[in-house]
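A structural walkthrough
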Amino acid sequence: MKLCHTIEEIRAACRDARKAGKTVGLVPTMGALHAGHASLIKAASTENSFVVVSVFVNPTQFAPTEDLSTYPRTLEADCRIAKEMGAQAVFAPSDRDMYLEGAATWVEVIGPITGILCGKSRPTHFRGVTTVVNKLFNIVQPDRAYFGQKDGQQAQIIRRMAEDLFMPLEIRIMPIVREEDGVALSSRNIYLTPGERTAALVLSKSLNNAKQLVEKGERQTAALRKAITDIIKAEPLAAIDYVELYSFPDLTELGENISGQVFIALAVRFGKTRLIDNIVVDCK
């Protein structure tokens, strides 16, 4: 496996792969790889003959008060996981390579899809995400790119961007990977104290309870939101950012009653750590 630090290096590697008739898969990450990332890389290696894993802690998607400086950086371990899962290259550029001095171009998806959920509480976040993902798409020029459903809103925003800009690639959104106890894997889980880690179980617990209520016939949006909120509020270490329900995959507003596929999403703080989780339920 090849570790590339410059745009020229990774472009050359991808160009050689395409000349050899290989399909190119891209797994964009910020590093600190865990089993969730590993599942994306494995899926990419199954569906493509040349897989690139990008490792770049993107500064433009962090607000000034967020954890850019302390975000875990574990490139050596990341390369090992990428290789084990079948990647042929890791692209780990510097900030100055990805954001040239004097650069003045942003790629932004606007409208309701970015103004809700994490876009509401982190107003500059998705502009940073779509800009850096667009850069990665232009550099690697993949046939397919892989994202996790845990970041469900982000995945749909990237899909919207790719469709709107006629990007010649397939966006593949893969299932959430969870610990045995139900906690969704996240690079930020390492910030949790043992007590906060136990408290984080309320996320999957509340979502699974909502799913069971839907399966039993509950259709009132407010009732489902309240059921989730009540479970989370019963945990003293949990502080709710949002608990919301939207149609899926377009993430549009629901009425008093849910129907079709529904995206139930939440963001909750445990101490200084903000975790997100979601579930898609089908109530046809």
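A few points on the structure. All values derive from a computational prediction rather than experimental measurement. (Residues numbered from 1 in each chain as written. Predicted model: local features only at pLDDT ≥ 70, side-chain atom pairs only at ≥ 80, totals over all residues. Heavy atoms only, no water.)

Scanning the protein chain for helices and strands turns up 11 helices and nine strands. For 284 residues, the compact-globule estimate of 2.2 N^0.38 gives 19 Å, and the protein chain sits close to it at 19 Å. Dimensions of the protein chain along its principal axes, counting C-alpha atoms only, are 55 × 40 × 40 Å. Relative to its 284 residues, the protein chain shows a buried fraction of 52%. Considering only residue pairs separated by 6 or more positions, the protein chain has 72% of its internal contacts joining residues 24 or more positions apart. Summed over its atoms, the accessible surface of the protein chain is roughly 13700 Å², and 51% of this surface lies on carbon and sulfur atoms. Charge separation in the protein chain, taken as the distance between the mean sites of 34 positive and 33 negative side-chain charges, equals 2 Å. (Helix = DSSP H or I, 4+ residues; strand = E, 2+ residues; numbered from the N terminus. Rg over C-alpha atoms; globule rule 2.2 N^0.38 Å. Buried < 20%, exposed > 50% of the residue type's maximum accessible area, 1.4 Å probe, protein only. Contact = heavy atoms within 4.5 Å. Areas by Shrake-Rupley, 256 points an atom, 1.4 Å probe, with all protein chains shown as cover. Lys, Arg positive; Asp, Glu negative; His and termini not counted. Charge placed at Lys NZ, Arg CZ, Asp CG, Glu CD.)

Another aspect to go through is the sheet that holds strand β2 (residues 24-29). Spatial strand order, β1-β4-β3-β2-β5-β6: six strands in an open sheet with parallel pairing. This sheet does not close on itself; its edge strands, each paired only once, are β1 (2-4) and β6 (170-174). This sheet shows a mean twist of 25° between the axes of neighbouring strands, independent of strand direction. As defined by bridge partners, β1 adjoins strand β4 (residues 89-91) across three bridges and the pair is classed as parallel. Of the residues in β4, the one forming a bridge with C4 is F91. Running over the sheet, helix α1 (residues 7-19) touches β1, β2, β3 (50-55) and β4 and is turned about 165° from β3. Most of the contacts of helix α8 (residues 152-164) go to β6, to which it runs at about 170°, and overall it touches β5 (144-148) and β6. (Pairing = 2+ DSSP bridges. Axes fitted to C-alpha atoms, helices over the stretch in contact; angles between N-to-C directions.)

Our focus in this paragraph is the environment of E47. Along the chain, E47 turns up in helix α2 (residues 35-47). Taking relative accessible area as the criterion, E47 reaches 29% and is therefore assigned partly exposed. Here the alpha-carbon distance between E47 and G119, two residues 72 residues apart in the chain, equals 32 Å. Setting aside anything within four residues of it in sequence, one finds E47 in contact with T23, R144, Y146 and R172. Among the polar contacts made by the side chain of E47, one reaches the side chain of Y146 at a distance of 2.7 Å. (Polar contact = N/O pair within 3.5 Å; in protein donor to acceptor, adjacent residues only side chain to side chain.)

This part covers the nonpolar core. Counting 48 residues, the largest nonpolar core has I10, V52, F91, F137 and I171 as the members making the most contacts within it. In terms of residues, this core owes the most to one element, helix α7 (residues 125-140), which gives eight residues. Counting 26 residues, the second largest nonpolar core, distinct from the first, contains L192, I232, V243 and C283. (Core = buried A, V, L, I, M, F, W, Y, C linked by side-chain atoms within 4.5 Å.)

Our next topic: a positive patch on the surface. Together, R11, R15, R18 and K19 line one region of the surface with positive charge. Among the secondary structure elements, K19 is positioned in helix α1. (Patch = residues over 30% accessible without salt bridge, like charges linked within 9 Å, V, L, I, M, F, W, Y side chains within 5 Å. Salt bridge = Lys/Arg side-chain N within 4 Å of Asp/Glu carboxyl O.)

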